[in-house]
Amino acid sequence: MKKSVYSMCGMCTVRCPIRVESENNKVTWIEGNQHILGGALCAKGSAGPALVADRERPQQPLIREGARGEGRWQKVSWPTALDYISNKLKKIKTEYGPESVVLSSRGGPWQNMYKTFIHAFGSPNYTNHDCTCGRNTHHASLSINGVGRKGFIYDIKNAKHLILFGRNMFASLRIGENLQTMDMLENGGKLTYVDVRQTMTGIKADRFFQVRPGTDYALILAMIHELIRRDAYDADFVERYVSGFDELTYFVEQYTPDWAAKECGIKAKAIHAFIDEIIPAMPKVIFHPGWNLSRYKDSFYASRGLHILNVLMGNIEQKGGLLIPKGPGDCGVKGLRALDCPKPDIKRADGVGWKYKHFDKGPGLAHLFFDAMEKEDPYPVKAWIAMRHDPFSGMPDPQRQKMSFEHCDLLVSIDTHYSEFGWFSDVILPESTYLERESTICVQKSLKPRLAIRKRAVEPEFDTKPGWWIFKQLAERVDIGEYFPYNSAEELWSWQLEPTGFTIADFDAKGFVPLTDEPIMYDPLKLEGQFNTPSGKIEIISKKLEDAGLPSLKEYQSPIKPPKGMFRLVYGRSAVHSHGHTTNNPLLSELMPENSLWINTRAADKLGIANGDLVNVSSEDESYSGPMHAHVVDYIHPEAVYMVHGFGKQIPLQTRSYHAGISDQKLMIGKLDDWDQAGGAINLCESFVLVRRSVRNPKRRVEL
Ligand SMILES: Nc1nc2c(c(=O)[nH]1)N[C@H]1C(S)=C(S)[C@@H](COP(=O)(O)OP(=O)(O)OC[C@H]3O[C@@H](n4cnc5c(=O)[nH]c(N)nc54)[C@H](O)[C@@H]3O)O[C@H]1N2
Ligand SMILES: Nc1nc2c(c(=O)[nH]1)N[C@H]1C(S)=C(S)[C@@H](COP(=O)(O)OP(=O)(O)OC[C@H]3O[C@@H](n4cnc5c(=O)[nH]c(N)nc54)[C@H](O)[C@@H]3O)O[C@H]1N2
Ligand code: SF4
Ligand SMILES: [Mo]
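Just so it is clear, the model here is predicted, and its values are computed rather than measured. (Residues numbered from 1 in each chain as written. Chains lettered and ligands numbered in written order. Predicted model: local features only at pLDDT ≥ 70, side-chain atom pairs only at ≥ 80, totals over all residues. Heavy atoms only, no water.)

Q: Even after reading the chapter, I still don't get unusual backbone geometry, so can you show me in this structure?
A: Most peptide bonds take the trans configuration, and most residues that are not glycine carry a negative phi. The omega torsion of the bond from M282 to P283 falls at 0°, within 30 degrees of zero and hence cis. A cis amide bond, omega 10°, links D377 with the succeeding residue P378. A positive phi angle, close to 55°, is found at D231, a residue other than glycine. Residue classification places D231 among the exposed residues on the basis of a relative accessible area of 57%. (Buried < 20%, exposed > 50% of the residue type's maximum accessible area, 1.4 Å probe, protein only.)

Q: Got a minute to help me understand helix α4 (residues 78-96) in this structure?
A: Because an α-helix completes one turn every 3.6 residues, residues spaced three or four positions apart along the sequence face the same direction. End to end, α4 covers 27 Å across 19 residues, agreeing with the expected 27 Å (1.5 Å per residue, within 8%). The set of residues buried in α4 consists of W78, A81, L82, I85, S86, L89 and I92. End-on view of α4: buried residues confined to an arc of 125°, all on one side of the axis. Of the exposed residues in α4, those oriented more than 90 degrees away from the buried face are K91 and T94. Just beyond α4, the residue with positive phi is G97, at close to 95°. (Helix = DSSP H or I, 4+ residues; strand = E, 2+ residues; numbered from the N terminus. Expected span 1.5 Å × (residues − 1). Arc of directions from axis to C-beta.)

Q: Please clarify how the packing of helix α8 (residues 216-229) against helix α12 (residues 268-278) should be interpreted in this entry.
A: To characterise two packed helices, one gives the angle between the axes of the helices and the distance between these axes. The N-to-C vectors of α8 and α12 enclose an angle of 55°; their axes lie 11 Å apart at closest approach. What the angle tells us is that α8 and α12 run oblique. Handedness of the crossing formed by α8 with α12: right-handed. For the pair formed by α8 and α12, the contact residues are L219, M223, E226 and L227 on the first element and I271, H272, F274, I275 and I278 on the second. Of the residues belonging to the contact of α8 with α12, the class tally is seven nonpolar, one polar and one charged. (Axes fitted to C-alpha atoms, helices over the stretch in contact; angles between N-to-C directions. Parallel < 35°, antiparallel > 145°, perpendicular 65-115°, else oblique. Left-handed = near helix turned anticlockwise from the far one by under 90°. Contact = heavy atoms within 4.5 Å. Nonpolar A, V, L, I, M, F, W, Y, C, P; charged D, E, K, R; others polar.)

Q: Looking at this model, I keep getting lost on the pattern of salt bridges. Mind explaining?
A: Two side chains bearing opposite charge may form a pair once their charged atoms approach each other closely. Enumeration over the complete set of coordinates arrives at 42 salt bridges. With a shortest N-O distance of 2.7 Å, E438 and R456 are connected by a salt bridge. Within this pair, whereas E438 is found in the loop between β17 (427-430) and β18 (439-444), its partner R456 is found in the loop between β19 (450-454) and α18 (467-477), the two being separated by 18 residues in sequence. Overlapping salt bridges, with partners in common, bring together D371, E374, K375, R400 and D673 in one network. (Salt bridge = Lys/Arg side-chain N within 4 Å of Asp/Glu carboxyl O.)

Q: I tried to follow the site of ligand 3 on my own but got confused; where do I start?
A: Around ligand 3, the neighbouring residues are C9, M11, C12, R15, C16, L41, C42, K44, G45 and I175. Taken together, the residues of the shell around ligand 3 break down into seven nonpolar, one polar and two charged. (Near = heavy atom within 4 Å.)

Q: Hey, could you run me through helix α7 (residues 175-186) in this one?
A: Between its terminal C-alpha atoms α7 stretches 17 Å, which fits the 16 Å expected from twelve residues at 1.5 Å a residue. Within α7, burial applies to I175, E177, N178, T181 and M184. Looking one or two residues beyond α7, the residue adopting positive phi is G188, at roughly 95°.

Q: Before we go on, may I ask you to explain the sheet that holds strand β2 (residues 17-23) in this structure?
A: In space, the three strands of this open sheet follow the order β1-β2-β3, with antiparallel pairing throughout. The open sheet has two edge strands, β1 (2-8) and β3 (26-32), and neither has a second partner. Between one strand axis and the next, the sheet turns by 25° as a mean value, whatever way the strands run. In the sheet, β2 pairs with β3 via six bridges, with the strands oriented antiparallel. Residue pairing for β3: E21 is matched across the bridge by W29. (Pairing = 2+ DSSP bridges.)

Q: Whenever I open this one, the site of ligand 1 confuses me. Can you help?
A: Neighbouring ligand 1 are 27 residues; R106, G394, D415, E431 and D664 lie closest to it. Within the side chain of R388, a nitrogen or oxygen atom sits 3.2 Å from an oxygen atom of ligand 1. Here R437 contributes a side-chain N or O atom positioned 2.9 Å from an oxygen atom of ligand 1. Expressed as a share of its isolated accessible area of 900 Å², the protein-covered part of ligand 1 is 98%. Here the shell around ligand 1 gathers at least three residues from each of two domains, domain 1 (78-133 + 335-514) and domain 3 (566-693). (Polar contact = N/O pair within 3.5 Å; in protein donor to acceptor, adjacent residues only side chain to side chain. Areas by Shrake-Rupley, 256 points an atom, 1.4 Å probe, with all protein chains shown as cover. Domains from an automatic or database assignment.)

So, in structure tokens, the structure goes:
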């Protein structure tokens, strides 16, 4: 039987809208939703059917038999696995208190379900991946604008100039944003790209600044300096909405383009030419404030600087600028009902909210649980449930994490794959893939907000279950079933939709429910009330930061040079992989089977490394090392080496990715403790590695 359903991609967490065709329970075609993406989809999105068919993923619940990480598993039924987990959870609750259980997830629109579970269980310790992703950007925006990272959307399509600092969008994809950028370029808009190496995005750009690693903040300060010096900023906007501008003017006086040019290794002339170009394009100029900015010691301040540049452009709620996303309330529609349970009034184990008062309490900071585990301070952490999260891939130094996790009595991985953490854990609950399950309905805020849904395209290939079912079953077993008032996905959807007046049939026509026909814009001269800061203004000086003993305007400090013989390790994404969970996909592993080490030609020459040679890459303390092929290029800064994240996996049942390439996070020794006290994120790019030509290279290459 042929079927066509609208749904939502799940090959990465961008969640593009899709339409899926199937025949006799086999997916035969996937495309981007024509009404939103005009059919566009990335390679990963197209590889969904290979994920469903992949037998190298867990096919039923598994309980560990041998030692942790040994890989001996007992195949069990769902009731057995769920009983096992709930009995352990109850025991831990009695012995140590409910707060000793942590639940981490990938965040996103379905986190209400996971938060409800852990809060109703009695623990405040919900966390997510974001300390290695967007936390610095999020906190930067909160500290200035009073709204978080998702408090703005970027009207790239209508912009005249888009500036990206290491936002490598044509590899690190978000299809909607990519399409908008292509439209902008076609309409004559300009793209400026800043990176330590040339990239898929850089080659589409009109201007490329190749900077010394870790010097973005210097370039940003010089841009602010020059715009203020030339009086080329939106003075009316600043007057109306901004506080602390005088302090900013005084602070940036020292940071001239000449100074920044030297610091970054670029030409002052190019900075001036850039400023000349953006002035006439104002306010249709977007400085992207960054996404994965868990990189350098000052990435938080760099992101704040990018927000300040947007403020100088006066681009908020302007066509071609930063727009405030609109929700159901703006359309006169009541919002969706959501699963909910108030957070228990207990200190978080990561210290967020009481020890670190300046951070958003929401998901806390995942890396701060390890200390708590080891020292049992403020209390013991005895269980960790990872829902669509792989701490060993997503966070640095899994070697140290393993030692900390040994303090736990229960580790659970709810995953579609064997994750590195799952392989080490006590129980694996296999979730059905995104094509085989439904998810709760969510609101997608924008100028034209909509309700979006993931529907099941095919029945599960194996004995796997959807998340909504797993959490309901676990909840009932630990006596909090009343927080999950449904027995089927349809019941859950109806319950969610009730206040809105829509029904599930309303999704049939387009795959989503539009809440308005016309885009909603606020009057840019009446933005009072939109900035949720203490003063209601855009605050360049943040009292919250200053109260925490942190500066609002931080003096620039030059990044340290790599120790002799070493390189700074920088990482990023490939357009055909999603972090670590597609490297074993049958199709995608063919497109990119392993990662390589990008190294500058001159630096490689000095080490006798030729393109394609095997090199050994070792962590700073040489406790982890491995071989990979060198990709010798001119267009990477000589202080840095670069690799794509997600490789070097060590799960024998995943034969395509087993020991394919090298893992960047395993090279990041000690980085769990190297984090930004102001932004909250881990400083992933503050790692150095040793590179040597491998003795395994043949002495001479013979063409056979
Ligand atoms: N060294 C280094 N560290 C990094 C990064 C880096 O580039 N280098 N990148 C950082 C960034 S930006 C991020 S966002 C994080 C990502 O870190 P994570 O969020 O941990 O990574 P993911 O690989 O996206 O997904 C985690 C797990 O979710 C599983 N999964 C995928 N789909 C599903 C599903 O439908 N259901 C369930 N239950 N599980 C699913 C995957 O199999 C995987 O095991 O890592 C960060 N850490
Ligand atoms: N294909 C694909 N797309 C994805 C994802 C995926 O896994 N695969 N993941 C999604 C997620 S979770 C995220 S967070 C985003 C991340 O998207 P981005 O924020 O664009 O992050 P990365 O891909 O980590 O890009 C890192 C870039 O920063 C550069 N860089 C390193 N040091 C410096 C520096 O000092 N200055 C500058 N200017 N650049 C520097 C690196 O060379 C690299 O090109 O991508 C999303 N999109
Ligand atoms: S970017 Fe690609 S993989 Fe990610 S949701 Fe969109 S189509 Fe799927
Ligand atoms: Mo991310």
